Each structure stands twice: as structure tokens, then as C-alpha cells.
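# Summary of the model geometry
Below are the chains, spelled out letter by letter.
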Amino acid sequence: MPHRTGHPHPTAPHGTRRRPALAISALAVLLGWAAALPAAAETLARIASPGEVLVVTLESQHENRLAYRVERNGRPVIAPSRLGFLLGDGRLERNLMLVGQSRRSFDETWEQPWGERRLTRNRYNELRARFAEKPADARHPGRRFDVVFRVYDDGVGFRYEFPDRPGADEVRIRAELTEFALARPATAWWIPAFEWNREEYLYRRTPLREIGTAQTPLTLRTDDGLHVSIHEAALVDYAGMNLARGDGDVLRAALTPGGGDAAVVRATPFSTPWRTIQVGERAGDLVESSLLLNLNEPNAIGDVGWFVPSKYVGVWWSLHLEKETWGTGPRHGATTANTRRYIDFAAANGFRGVLVEGWNPGWDGNWFANGWGFDFTRSTPDFDLPKLAKYAAGKGVHLIGHHETACAVSHYERQLEAAFDLYARNGVDVVKTGYVCDAGDIQRQDRPGGPVVREWHEGQWMSNHHLRVVQAAAERKIAVNAHEPIKDTGLRRTYPNWVSREGARGMEFAAWADPPNPPEHEATLVFTRML
């Protein structure tokens, strides 16, 4: 019997002769899906640390987006993580072309005037990758920037560098799109960002996926025991970086806002701070790392042999216990007689310094709400600064000055030179500054009588303010301990008179907090904030 066209063979299962057509259709669908998927990442450059412990790879992803990844001993630490910006003139993220690259190796040993160790080795391999946007048309040339990676055996630092740009001498950064995608599940130790009490929180220990928006340093331990810290180095003329969790284990840079419509406004050329990733087998490896110091510029102020690291006592704890007061009156703590008592105690017990809070006019009334009343150039009538300084010197003790601004920062800056001159005349060689107010309530006034703009403690304007203070102090051989400070990013290498910060939930919480600091808080700080 002849076969009839279009019907299956009578001995074959029903539909067998149609399978080739079905297979072709399925293949066409799969090919269509494949065409719609992002193209595979293209490797652009690789750089290894001097001991080949860490390797950084730069790659181009879908739509020519730039990304990096980090491996340690062949295992991923940071999965592909994107780079870029949201600028005032649009996103700088897609259609990026690598237009050049260069490498160099560096190895030096430098000396710290004080600190963890006298000699510090700075050894890294550097990759500089130059990128340009594909121009939209001849009238709109693409923007350009460099990404510079310095790879150490114990960590990675990278930053963006913006060159001169014809016709646009200013860059307005609304957001930074830098990512840190942890390649392994991890536990995090963190405190929240953008909350009212600045840095003064107990550290939370949670899975990485439970982070909201965290301050840096952010300390992590992967499930297989690797220790990682994400932070930044050389925070100069830029907004502080926080970390916001995105999808999965991706952390994204969250810049501290500025008083205007941009977090950062910079004239070109300029460099961002270094984004840092410290990596170690032990938690102690993070503490022993010199990555953050090494990514800062060398000493810019010369000899600081006049500064001696030391311990101090002071008129302040009694104020927190409300046994004495900052303001004048019958219980005023900062009196000549009371300060002499502290000087005698310091001399008898081996303390070099005596800190005195509440020594100057402005503390009476609700000083927390009115820092504009502070006078930093004279003492209250019951505090004889020259006499006390001379008395202390005769006993081998130094007074430690105190400049509390209550966040009226422009008011303080107008008195800055005269205030430090007063201390220099009286041999006061260390000053504690203070910025007591709720986060986001720094008061900036660019001209007397002008409008007051609210800034954040770790915004770009305050990063510049702290350097102005440190530089003015250095000119007079005065060291600075900042309270309610901007975070430490290793700038004490460049300005070694910036000797300390009180930027954590400190001992005063044992006076009035409920609950007070638990015992593990101090130990946790070593591996988190104090990195």
C-alpha cells in the first residue's frame, strides 16, 4: 500500500515524523532567548599582588558596563561588582571603552612618628585603566576617567581619577555606583548609617543579607572563615562612604549627602578617596594591616617630635555624672581651684595631660541648641588659663584644650586662628574638638548674616573643615583629638598631629545610658571602627 503524503508511517508512533520540525522550532526559541541575554563579560585587564595572593580583574559587562572582581589564592572574594557614577550631567556607567592601561610596582619603607610600629612597608602592584564613553555625536564628546587599583597581599585599594575636561571644569556627583559583591555567605559586624546619634551605636552581628545601610569600616567573616573589611582611605574633599545592601549580597556605595543637590562638587582634575578591601585569614590580620595608612600621602607637616603620646585625666566625667556642670555657677567644674586639684593628681600618678571642659563662655543655658554663643578666645572669670598652664608646666603636666562647637561650625571657624593662638601662647599642645548635635544638623554659614545650611558630620564640607582645623593646629604645634568626628581613613599619616578620635559609643554611656556598654563592646571596636 502506498504511503499517503502528510500521514505518519503506520508502524511508527504517532507524531514521530513531526519531531524534526518541533526541534527546529525549539532551537529557534532558544536562539532568540540567547540573543536577548547579556553578552558574556570581556576581560579587560588583570593585576596581581606582589606575592600573587590577591588578583583583581577588570571586565566589561552588558552594555559595556565596567566591573571588577577579586580572588584570593584562586578563590573568589568579591564577585563581579560594577563601577560608575550618577553625575549632574547623567549616569557615567554604560558604553565605556578601555582606551589605555599601564602598570607599575612600588616598594618603600617609611617611618611613623608614633603609632603601631616605627617602620611600615608599602609594597603593591598598580594598574591604571583609562576609560572613555562612546560619544553620542561629534558635539558631545564622551566623558573620561581613570580607575587606579593598588593590590597588596593583604588588601586592595581603588579610586577614580577625573582629568581636566574641556568646557566643564566642575563635576557634580549625585551618587557613586561602586559595588562590593561578596562572593561567599558572610556574617557582618555593623552599625547603621544616617541615624541621629552619628557613630554612637552598639555593633550588630547579623548575616550579611540583614544589613540595611551601614557605616564603614564594615567587618565581615565568610562562612568558611575568611575575614574582610570594607572601608575607604584618604577621605579628602569628598563625602564619606556608607554601604547600602542591594540584591543578595551586593553592597553599594551610599555617599553622605551634601547641603545642596549633590553629595560632592569638585573642580577637575581630582581623585576620589580610595575604596578599600582588607582580606585576611584571621581577624587579627585586619588589625595588623597597614593598607589604610599606606594609601595616604606622606607626612605633610614635617617634624612632630613635639607631640608625645600619653594618657590624661580631666574635668569631664563628673559633668556626665551631674556632680558638676559645664556652665558657670556653684557647681562649675572648670574652676581654677578644681583644675589645680586635677593637675596635682596627674603629676602624682604619671599622667601627662589634664583635659578641662567648660572653661570658656557659652556653656550657660541650653548650649546644645546654641553653639553660636561659644567664645573660644577667652576664659570664664573663674578659670585662669595662663596661671593654670604655668602651674601645670611646673609639675610636668600639660593642659589639654577643649573646643566644643555644638555644631555651629562656621562660628567656630571664624575664631579658629585666634583660638589656637591663645593655646599656643599658653603651652597647650593638644586640643579636643567637639561637634555635639544630631546627625545632619551641622550648621554652615558661608558669610556672616547669610543663610544657614545644614550639613552632615561626614559630608564633603565637614571633611574639609576637619582638615582646616588640623592644618591650623599643626602650624602652632598643636595636636587634635576630634569628638563626634569624621571617621578615620588613615589621614594621620599625612597629618600626624591628628592623633585620636572619639567616634564610637564611648565611656560616657556608662554614666547615663540604659543599657550601658556591654563588656564585648570594647573588644568589638578593635576589629570594626578602630580599623
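Not measured: the values here are computed from a predicted model.

### A closer look at the overall build of the chain
Across its full length, the chain holds 11 helices and 30 strands. In terms of its C-alpha atoms, the chain occupies a principal-axis envelope of roughly 125 × 55 × 45 Å. Residue burial in the chain is summarised as follows: out of 531 residues, 53% are buried. Contacts in the chain between residues far apart in sequence, at least 24 positions, make up 66% of those at least 6 positions apart. Total accessible area on the chain is roughly 24400 Å²; 52% of this is exposed by carbon and sulfur atoms. Each charge class in the chain was averaged separately, 65 positive and 65 negative side chains, and the resulting centres sit 5 Å apart.

### Observations concerning the packing of aromatic side chains
In this structure the tally under the stated criterion is 27 aromatic pairs. Ring plane angle 65° and centroid distance 4.4 Å describe the contact between Phe85 and Tyr160, whose orientation is recorded as edge-to-face. With a gap of 75 residues between them, Phe85 in strand E5 (residues 85–87) and Tyr160 in strand E10 (residues 155–162) connect regions that are remote in the sequence. Using a relative accessible area of 0% as the deciding quantity, one classes Tyr160 as buried. Through pairs of rings, three or more aromatic residues link up here, namely Trp326, Trp363, Trp367, Phe368, Phe374, Phe376 and Tyr412. Arg340 extends its terminal NZ or CZ atom over the ring of Tyr391, reaching a point 3.9 Å from the ring centre.

### Digging into the pairing of strand E11 (residues 170–176)
Of the pairings in the sheet, the one linking E5 to E11 comprises 3 bridges and is antiparallel in character. Among the inter-strand pairings, Leu86 is bridged to a residue of E11, identified as Ala175. Pairing geometry for E11 and strand E20 (residues 264–267), over 4 bridges, is antiparallel. Paired with Glu170 across the bridge in E20 is Ala267.

### Some details on the sheet that holds strand E15 (residues 213–214)
On the basis of which strands lie adjacent, the open sheet formed by 8 strands has the order E1-E2-E3-E4-E12-E19-E18-E15 and antiparallel pairing. Each edge of the open sheet is held by one strand with a lone partner, namely strand E1 (42–48) and E15. Pairing of strand E12 (residues 179–182) with strand E19 (residues 250–255) involves 3 bridges; the strand directions are antiparallel. Paired with Ala181 across the bridge in E19 is Val250.

The rules we used
- Sequence order sets the numbering: in each chain, residues are counted from 1 along the sequence as written.
- Whole-chain, interface and lining totals are the exception, using all residues; otherwise, since this is a predicted model, local features are given only for residues with pLDDT of at least 70 and side-chain atom pairs are given and counted only at 80 or more.
- Derived side-chain values reflect all non-hydrogen atoms in the structure, with water molecules and hydrogen atoms excluded from consideration.
- Strands here mean DSSP runs of E at least two residues long; helices mean DSSP runs of H or I at least four residues long; both are numbered from the N terminus.
- For every residue, the accessible area (1.4 Å probe, protein chains only) is compared with the maximum for its type, and the residue is labelled buried under 20%, exposed over 50%, or partly exposed between those bounds.
- Working rule for contacts: check all heavy atoms of both residues, and any pair within 4.5 Å makes them a contact.
- In this description, accessible areas are obtained by the Shrake-Rupley approach with a 1.4 Å probe, and a residue is regarded as covered only by the protein chains that are shown.
- Residues counted as positive are Lys and Arg, residues counted as negative are Asp and Glu, and His and the chain ends are not counted.
- The location of each charge is read from NZ of Lys, CZ of Arg, CG of Asp or CD of Glu.
- Note on aromatic contacts: the rings of Phe and Tyr and the six-membered ring of Trp form a pair at centre separations within 6.5 Å, being stacked when their planes are under 30 degrees apart, edge-to-face when over 60 apart, and tilted otherwise.
- By definition here, charges over rings are those cases where NZ of Lys or CZ of Arg is within 6 Å of the ring centre and within 35 degrees of the ring normal.
- Two strands qualify as a pair provided DSSP detects at least 2 bridges between them.

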